[in-house]
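Residue-level structure breakdown
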Amino acid sequence: MSTAPSFKPFKLALIQLGGVGPDKSANLKHAREMILKAAEGDGSAGSKPSLVVLPECFNSPYGHAHFPTYAETIGFTKADDIEVQTCKSESVKMLSSTAKEANVWLVGGSIPERDASDQRLYNTCTVYSPTGKFILAAPTHRKVHLFDIDIPGKITFKESETLTGGSSLNFFDTEFARIGLGICYDVRFPELAMISARKGCHVLIYPGAFNLTTGPLHWSLLQRARAVDNQVFFAMCSPARDMNAGYHAWGHSMVVDPFGKILAEAEEGESVVQVSIDPTVLYDARAGIPVTTQRRFDVYPDVNNAQ
Ligand SMILES: O=C(O)CCC(=O)C(=O)O
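Nothing here was measured: the structure is a model prediction, and the numbers come from that model. (Residues numbered from 1 in each chain as written. Predicted model: local features only at pLDDT ≥ 70, side-chain atom pairs only at ≥ 80, totals over all residues. Heavy atoms only, no water.)

When its secondary structure is counted, the chain shows seven helices and 16 strands. The C-alpha radius of gyration of the chain comes to 18 Å, within 12% of the 19 Å expected for a compact globule of 307 residues. Each of the three principal axes of the chain carries a C-alpha extent, and together these read 50 × 50 × 40 Å. Each of the 307 residues in the chain was classed as buried or not, and the buried ones make up 54%. In the chain, the proportion of contacts linking residues at least 24 apart, taken out of those at least 6 apart, comes to 69%. Here the chain displays about 12,800 Å² of accessible surface, and carbon together with sulfur accounts for 54% of that area. Averaging the positions of the 29 positive and the 33 negative side-chain charges in the chain gives two centres separated by 3 Å. (Helix = DSSP H or I, 4+ residues; strand = E, 2+ residues; numbered from the N terminus. Rg over C-alpha atoms; globule rule 2.2 N^0.38 Å. Buried < 20%, exposed > 50% of the residue type's maximum accessible area, 1.4 Å probe, protein only. Contact = heavy atoms within 4.5 Å. Areas by Shrake-Rupley, 256 points an atom, 1.4 Å probe, with all protein chains shown as cover. Lys, Arg positive; Asp, Glu negative; His and termini not counted. Charge placed at Lys NZ, Arg CZ, Asp CG, Glu CD.)

Before going further, it helps to examine the confidence of the model for the chain. With 98% of its residues at a pLDDT of 70 or more, the chain shows a mean pLDDT of 94. Both scores are available for the predicted complex, with the pTM at 0.96 and the ipTM at 0.96. (pLDDT = per-residue confidence, 0-100.)

Turning to the environment of Asn123, a few remarks are in order. In this fold, Asn123 is placed in strand E5 (residues 121–125). With relative accessibility at 2%, the residue Asn123 sits in the buried group. Considering only alpha carbons, one finds Asn123 and Ile155, 32 residues apart in sequence, at a separation of 20 Å. Apart from the residues within four sequence positions on either side, Asn123 is in contact with Glu56, Tyr62, Ser110, Ile111, His141, Arg142, Lys143, Glu159, Leu163 and Ile183. Within the local environment of Asn123, its side chain forms a polar contact with the side chain of Glu56, the two groups lying 2.8 Å apart. Only 3.3 Å separates the side chain of Asn123 from the side chain of Glu159, close enough to count as a polar contact. (Polar contact = N/O pair within 3.5 Å; in protein donor to acceptor, adjacent residues only side chain to side chain.)

With that settled, the discussion passes to the sheet that holds strand E12 (residues 203–207). As summarised here, the arrangement of the six strands in space is E10-E11-E12-E13-E14-E15, forming an open sheet in which the pairing is mixed. Strands at the two margins of the open sheet, each flanked by one partner only, are strand E10 (171–173) and strand E15 (262–265). The sheet shows a mean angle of 15° between the axes of neighbouring strands, direction not considered. (Pairing = 2+ DSSP bridges. Axes fitted to C-alpha atoms, helices over the stretch in contact; angles between N-to-C directions.)

On to the sheet that holds strand E4 (residues 111–114), then. Read across the open sheet, the three strands follow the order E4-E5-E7; overall the sheet is antiparallel. For this open sheet the edge positions go to E4 and strand E7 (141–142), each flanked by a neighbour on one side alone. The pairing of E5 with E7 spans two bridges and is antiparallel. Following the sheet pairing, Cys125 is matched in E7 by His141.

Further remarks concern a nonpolar patch on the surface. A surface patch of nonpolar side chains, about 250 Å² in accessible area, is lined by Phe259, Ile289 and Val291. Looking at where Val291 falls in the secondary structure, it is placed in the segment after helix H7 (279–288). (Patch = residues over 30% accessible without salt bridge, like charges linked within 9 Å, V, L, I, M, F, W, Y side chains within 5 Å. Salt bridge = Lys/Arg side-chain N within 4 Å of Asp/Glu carboxyl O.)

Quick look at the site of the ligand now. Taken together, Glu56, Tyr62, Lys143, Phe147, Cys184, Tyr185, Arg188, Ala209, Phe210, Asn211, Thr214 and Tyr247 are the residues near the ligand. The contact in question runs from an oxygen atom of the ligand to an N or O atom on the side chain of Glu56, over 3.2 Å. Within the side chain of Tyr247, an N or O atom sits 3.1 Å from an oxygen atom of the ligand. When the ligand is considered free in solution it has 290 Å² of accessible area, and contact with the protein chains removes 100% of it. Residue classes in the shell around the ligand are distributed as seven nonpolar, two polar and three charged. (Near = heavy atom within 4 Å. Nonpolar A, V, L, I, M, F, W, Y, C, P; charged D, E, K, R; others polar.)

Applying the stated rule across the entire model yields 16 aromatic pairs. Ring geometry for Tyr62 versus Phe157: centroids 5.1 Å apart, planes at 25°, classification stacked. With Tyr62 in the loop between strand E2 (51–53) and helix H2 (67–70) and Phe157 in strand E9 (residues 155–158), this pair connects stretches of sequence that are 95 residues apart. Look at Tyr62 and you get buried, because its relative accessible area is 11%. Accessibility expressed as a relative area gives 8% for Phe157, which makes it buried. On the basis of an interplanar angle of 70° and a centroid distance of 5.5 Å, the ring pair of Tyr185 and Phe189 is categorised as edge-to-face. We classify Tyr185 as buried; its relative accessible area is 14%. Sitting above the plane of the Tyr122 ring, Arg142 keeps its charged end 3.8 Å from the centroid. (Phe/Tyr/Trp six-rings, centres within 6.5 Å; stacked < 30°, edge-to-face > 60°. Lys NZ or Arg CZ within 6 Å of the ring centre and 35° of its normal.)

For the rest of this paragraph, the subject is the environment of Glu159. Mapped onto the elements of the fold, Glu159 is located in the loop between E9 and E10. C-alpha separation for the pair Glu159 and Asn123, spaced 36 residues apart in sequence, amounts to 9.2 Å. Setting aside residues up to four positions removed in sequence, Glu159 forms contacts with Glu56, Tyr62, His64, Phe67, Asn123, Lys143, Leu146, Phe147 and Asp148. A polar contact of 3.0 Å, which involves the side chain of Glu159, links it to the side chain of Lys143. Polar contacts involving the side chain of Glu159 include one to the main-chain amide nitrogen of Phe147, which spans 2.8 Å.

Right, here's the structure in full:
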């Protein structure tokens, strides 16, 4: 495994995107406008973010019935900005060109993806450099744990009716940090975050769309737990809540520091969460509460000690 880049201060912006509806081209147009807006920061000197994040399923209504209709084929695993424009995916093309135009790293939320060879559908996160390069190799980050839950009288959701779970853990390196990825329900599985942290990720970013049942119960708790047990920064980016949509997202996009402190949190509506990430907080947490070096793998040898 390559050595992680040294962790430097940077600004992070989460776009809690509103107005996602059935018209995909309108969704893409609005997402583009919001990326450009978020990339301006708050207008003050030095507030431009280096990394901008979109929410889960930003180009289509959320729901397993919609995934086959909205799914796009990407067809490559790495590509520069010119090659990206030859791809069939409208969303990937827009994300690449907008990352370049805005000159930011971009975590492109997630889209329903149809694999070019086996035709299976995935919930997929793609990442772009400030030159519009398509970054991930594995081949992208596909949601690993599918959202299949049934809380009688509250919410039943079965992503596995149309989607297949991804089978790789993914991170990417920027000039300021190693960033690990997950999507929404993946946050409930501490193993994924733990392994990403052990692979040197400083910040974990999970586009997500919790709901009005599990949002108030667990959205904040899970992020703070993953941040504290791994002593990393943790961020989740949600769509804005729309009570006219088929799925009511919780909103509350947030960024948590390695002590578990919430640095910023959106409310329900469309907004951009802007945060300065300070690496000294991570180093202070790890020095003061040194759990990262105190693990007792002799007591729990079934947990893999490998880095
Ligand atoms: O874990 C939860 O409660 C919500 C998960 C979810 O909404 C998702 O994976 O899309």
